[in-house]
Amino acid sequence: QVQLVESGGGSVQAGASLRLSCAASGFTFRNYRMGWFRQAPGQEREFVATISRSGVPFYANFVKGRFTISRDNAKNAMYLQMNSLKPEDTAVYFCAATDSSTLITTPRYDYWGQGTQVTVSS
């Protein structure tokens, strides 16, 4: 059964760092593009970053060099290093996977995790 499990969220002060992890199972991880999305209360889910099967990243404009997406195909894992966190980064962060060959920045991915909460205080 396909599983995507996020971890690493928490409550931090503005300017702090967090490293989110996504553990994948139940599918051939190396053949899937992976992505991170986030959703604040009452808001639409928005794109954060994506990484190709071979490890080429693409980011939303708002991260402005603060975030780094990476993957380890040997470990079936994906990561999001978040530095210089801001209160507006507060959201539930979701891990997602797609077998599409297209770089996708909309929430039209095939598999989703349950999310991990990130809270940044001012």
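Here goes a summary of the coordinates provided. All values derive from a computational prediction rather than experimental measurement.

Brief notes about the state of the cysteines
Piece 1. In the structure shown here, the tally under the stated rule is 1 disulfide.
Piece 2. One disulfide in the model links C22 with C95; its S-S distance is 1.9 Å. In this structure the cystine formed by C22 and C95 twists about its S-S bond by roughly -60 degrees; its chirality is therefore left-handed. Here C22 is found in strand β3 (residues 18–25), whereas its partner C95 is found in strand β9 (residues 91–98), with 73 residues between them in sequence.

Here we look at the nonpolar core
Piece 1. One finds M34, W36, M78, L80, M82 and Y93 to be the most contacted residues of the largest nonpolar core, which totals 27 residues.
Piece 2. For this core, the secondary-structure elements that each account for two or more residues are β3, β4 (33–39), β5 (46–51), β7 (67–72), β8 (77–82), β9 and β11 (116–121).
Piece 3. Once residues within four sequence positions are removed from consideration, Y93 is found in contact with E6, L20, W36, F37, R38, V48, F67, L80, M82, G115, T116 and V118.
Piece 4. Counting residues in each nonpolar core, the second largest holds 6 residues, with F37, F47, I104 and Y109 among its members.

Some points on the pattern of salt bridges
Piece 1. Here the structure, examined in full by the defined rule, presents 3 salt bridges.
Piece 2. The shortest N-O distance in the salt bridge between E46 and R38 comes to 2.7 Å.
Piece 3. The partly exposed category is assigned to E46, whose relative accessible area is 31%.
Piece 4. Among the residues examined, R38 registers a relative accessible area of 6% and is labelled buried.
Piece 5. For R66, the salt bridge identified is with D89, shortest N-O distance 2.7 Å. Within this pair, whereas R66 is found in the loop between β6 (57–59) and β7, its partner D89 is found in the loop between β8 and β9, the two being separated by 23 residues in sequence.

Regarding the environment of A24
Piece 1. The residue A24 is located in strand β3 in this model.
Piece 2. When its relative accessible area of 11% is taken as the criterion, A24 is described as buried.
Piece 3. Spatially, the C-alpha atoms of A24 and R108 are 18 Å apart, while their sequence positions differ by 84 residues.
Piece 4. Residue contacts for A24: discarding those within four places in its chain leaves Q3, L4, F29 and N76.

The rules behind each value
- Residues numbered from 1 in each chain as written.
- Predicted model: local features only at pLDDT ≥ 70, side-chain atom pairs only at ≥ 80, totals over all residues.
- Heavy atoms only, no water.
- Disulfide = S-S within 2.5 Å.
- Helix = DSSP H or I, 4+ residues; strand = E, 2+ residues; numbered from the N terminus.
- Core = buried A, V, L, I, M, F, W, Y, C linked by side-chain atoms within 4.5 Å.
- Buried < 20%, exposed > 50% of the residue type's maximum accessible area, 1.4 Å probe, protein only.
- Contact = heavy atoms within 4.5 Å.
- Salt bridge = Lys/Arg side-chain N within 4 Å of Asp/Glu carboxyl O.

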